[in-house]
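So you can see what is in the structure, the chains are spelled out below.
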Amino acid sequence: MSMKSNRFHISLVLGSFALLASNCNPEEPEPPGSSGGGPTAYDLDIPSNLPPMVIPFDNPMTVEGVNLGRFLFFEERLSDDNSLSCAGCHAQSFGFTDNGLQFSEGINGIAGQRNAMALINLGWGGSFFWDGRSATLEEQILEPVVNPIEMHEQWPDAMSKLNADAAYRDLFTAAFGVGSMDSVHAAKAIAQFLRTLISANSPYDRWKRGEGTIPLDAQLGYDLFRLEGGYPPFIPNGQGGADCFHCHTDAAGLFTDEQFHNNALDAVPPDPGVGGVTGDPFDIGKFKAPTLRNVAVTGPYMHDGRFNTLQEVIDHYNEGGEDSPTVDGFMKFVDPDETMELTPQKKAQVLAFLQQLTDTAFLTNPAFQDPGPP
Ligand code: HEC
Ligand code: HEC
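Residues numbered from 1 in each chain as written. Chains lettered and ligands numbered in written order. Predicted model: local features only at pLDDT ≥ 70, side-chain atom pairs only at ≥ 80, totals over all residues. Heavy atoms only, no water.

Engineer: How should I be thinking about the coordination of the iron atom of ligand 2 in this particular structure?
Structural biologist: In an ideal octahedron of six donors the angles at the metal are 90 or 180 degrees, and in an ideal tetrahedron of four donors they are 109.5 degrees. Of the protein atoms, only His248 (NE2) and Tyr317 (OH) coordinate the iron atom of ligand 2, at distances of 2.0 Å. Geometry at the iron atom of ligand 2 is octahedral, judged from the six donor atoms that bind it and their angles of 85 to 179° at the metal. With a gap of 69 residues between them, His248 in the loop between α9 (216–225) and β3 (260–261) and Tyr317 in helix α11 (residues 310–319) connect regions that are remote in the sequence. For Tyr317, a relative accessible area of 22% corresponds to the partly exposed category. (Donors = N, O, S within 2.8 Å, 3.2 Å for Na, K, Ca; no water. Tetrahedral: all angles 85-135°; square planar, octahedral: opposite > 155°, others 65-115°. Helix = DSSP H or I, 4+ residues; strand = E, 2+ residues; numbered from the N terminus. Buried < 20%, exposed > 50% of the residue type's maximum accessible area, 1.4 Å probe, protein only.)

Here is the structure:
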């Protein structure tokens, strides 16, 4: 059974936001694959039920860049005591989350206050971190290395460790034509690797592409997922759906609208979320709507990992959560006297659907595994 796919040569994805946003840089390297050697263009295989991916023009995907990025993702020398890599908190079998932990521990044994995010289909991401504080992946990657409660290393120190390693110097030369690498090269290479972490081969995807089917209860769960919640007088209570699709948009196959919402977790949000970045009171308690792909293996859930099971998550949405000034309009049941009125059977159907988003091929793909020392 072969996966139907559209092959997009990255250089041909035009009319993009990145094109409009990127400045013409006279020092831009030659496009990969052009005459005179240099790196080989990476042919990103985009599944037919996902949109084209927009690649930044100043960081084209190359085979050598992705290869280098993979080594760096598993490189413990990026941390101060050479003990923690990106993969240390982003484990493949957990959808690149932190091994079921609520909070990750950095090299100094200090735990953060946020749950490690899944690294899935990030090439379509609009902004990064729970509070969206990084606009690009390249920018995001610079942060965990220097974060004192994560890898707690200075980029120049990390880079001089790697530049001293002849095997790495060869990898840098192959990817970027440079003999020694700086943080910008490293971030570009890791971003290229992260863009290859594409998940679209779950039973749900194969069903969507007409290559297979999913159980009937999961199909009914999908209908509920995409149906408005009861909204008297328009939809009588108890006859509506689970109303997940507004924020976890399935239309483009990504299960996120890439927007920030307050999904009614707290009456007084202890973590300001986006509000902490923008300083705008209207942003307090808003967080990035995460993808739901592979959600069965990415628990615990929410920015603070407060829910251990998907059952608890579904119960939260059914009960409606806590009202607060910034709560999202699609959280329609924050009134303590109302619930979504999902029956136990409907809740089980929504759960059955979410379980169809588990992409075993992604979670075991050898191309995403530790390549060992360079
Ligand atoms: C100590 C554990 C830890 C380490 C090490 C770590 N991360 Fe993370 N990562 C996290 C946590 C926690 C978050 C969420 C933080 C937040 O939103 O404030 C996160 C968020 C991210 C995101 C945002 C995803 C999204 O959907 O917005 C990306 C991308 C990411 N990490 C990549 C990396 C890379 C690349 C490295 C190595 C350079 C790395 N991480 C190292 C714990 C870690
Ligand atoms: C108003 C927008 C909105 C609606 C409607 C919504 N969600 Fe969410 N969802 C979010 C946001 C935002 C988060 C992250 C919130 C946070 O961590 O503070 C989230 C988080 C989640 C998570 C945790 C994922 C993770 O990686 O931790 C799951 C699971 C989830 N939602 C499932 C659902 C289901 C199932 C429905 C329908 C019953 C639903 N959501 C409806 C916005 C929404």
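Engineer: For this particular structure, what's the right way to read the coordination of the iron atom of ligand 1?
Structural biologist: Among all protein atoms, only His90 (NE2) binds the iron atom of ligand 1, sitting 2.1 Å from it. Here His90 lies in the loop between α3 (86–89) and α4 (137–146).

Engineer: Before we go on, may I ask you to explain α4 in this structure?
Structural biologist: Structural remark: α-helix, 3.6 residues per turn; residues separated by three or four positions point the same way. Within α4 the residues assigned to the buried category are Leu137, Glu138, Gln140, Ile141, Pro144 and Val145. The buried residues of α4 occupy an angular sector of 155° when projected down its axis, which confines them to one face. Looking at the buried residues of α4, the elements they touch are α5 (155–163) and α7 (183–195). (Arc of directions from axis to C-beta. Contact = heavy atoms within 4.5 Å.)

Engineer: Hey, could you run me through the nonpolar core in this one?
Structural biologist: Side chains of a nonpolar character, in soluble globular proteins, are inclined to be buried together. Core analysis: the biggest nonpolar cluster contains 51 residues, and Leu68, Leu72, Phe73, Leu78 and Leu194 have the highest contact counts within it. If you list the elements that add at least two residues to this core, you get α2 (63–73), α3, α4, α5, α6 (166–176), α7 and α13 (360–364). With residues near it in sequence (within four places) discarded, Leu72 still touches Leu78, Cys86, Leu162, Tyr168, Met181, Ala186, Ala189 and Ile190. (Core = buried A, V, L, I, M, F, W, Y, C linked by side-chain atoms within 4.5 Å.)

Engineer: Looking at this structure, how should I read the site of ligand 1?
Structural biologist: Near ligand 1 you find 26 residues, and of these Cys86, Cys89, His90, Phe129 and Trp130 are the closest. Put simply, the parts of the chain that give the shell around ligand 1 at least two residues each are α3 and α4. Considering every element that reaches the shell around ligand 1, the biggest residue donor is α4, with five residues. Tallied by class, residues from the shell around ligand 1 come to 16 nonpolar, five polar and five charged. (Near = heavy atom within 4 Å. Nonpolar A, V, L, I, M, F, W, Y, C, P; charged D, E, K, R; others polar.)

Engineer: Can you walk me through the site of ligand 2 in this structure?
Structural biologist: Close contacts around ligand 2 come from 23 residues, with Cys244, Cys247, His248, His303 and Tyr317 the closest. Within the backbone of His303, a nitrogen or oxygen atom sits 2.6 Å from an oxygen atom of ligand 2. One of the side-chain N or O atoms of Tyr317 is found 2.7 Å from a nitrogen atom in ligand 2. Those elements that provide at least two residues to the shell around ligand 2 are β4 (287–288) and α11. By residue number, the principal contributor to the shell around ligand 2 is α11, which donates three residues. The residue inventory of the shell around ligand 2, partitioned by class, reads 16 nonpolar, four polar and three charged. (Polar contact = N/O pair within 3.5 Å; in protein donor to acceptor, adjacent residues only side chain to side chain.)

Engineer: Hey, could you run me through empty space enclosed by the protein in this one?
Structural biologist: To find leftover empty space, one rolls a probe the size of a water molecule over the atoms. Scanning the model with the defined rule gives two cavities of 30 Å³ or more in all. If you add up the space inside the largest cavity, you get close to 70 Å³. Lining the largest cavity are Asn262, Asn263, Ala264, Leu265, Asp266, Pro269, Pro270, Asp271, Gly285, Phe287 and His303. Of the residues belonging to the lining of the largest cavity, the class tally is five nonpolar, four polar and two charged. (1 Å grid on protein atoms, 1.4 Å probe; cavity = no way out; pocket = protein on both sides within 12 Å on 5 of 7 lines; lining within 4 Å. Points joined across faces, edges and corners; volume = space filled by probe spheres on them.)

Engineer: What am I meant to see in the side chain of Thr256 here?
Structural biologist: Tracing the chain through its elements places Thr256 in the loop between α9 and β3. A polar side-chain atom of Thr256 sits 2.8 Å from the main-chain amide nitrogen of Glu258. In this structure the side chain of Thr256 is engaged in a polar contact, spanning 2.6 Å, whose partner is the backbone oxygen of Ala289. Setting aside anything within four residues of it in sequence, one finds Thr256 in contact with Cys247, His248, Thr249, Ala289, Pro290 and Thr291.

Engineer: Teacher, can you tell me more about the pattern of salt bridges here?
Structural biologist: Two side chains bearing opposite charge may form a pair once their charged atoms approach each other closely. Using the criterion set out here, one finds 16 salt bridges in the structure. A salt bridge links Arg114 to Asp271; its shortest N-O distance comes to 2.8 Å. Pair noted here: Arg114 is in the loop between α3 and α4 and Asp271 is in the loop between β3 and α10 (274–278), with a separation of 157 residues, a long-range link. When its relative accessible area of 13% is taken as the criterion, Asp271 is described as buried. Its salt-bridge partner being Arg306, residue Asp304 comes within 2.9 Å of it at the nearest N-O pair. Overlapping salt bridges bring together Arg114, Asp131, Arg133, Glu143 and Asp271 as one network. (Salt bridge = Lys/Arg side-chain N within 4 Å of Asp/Glu carboxyl O.)

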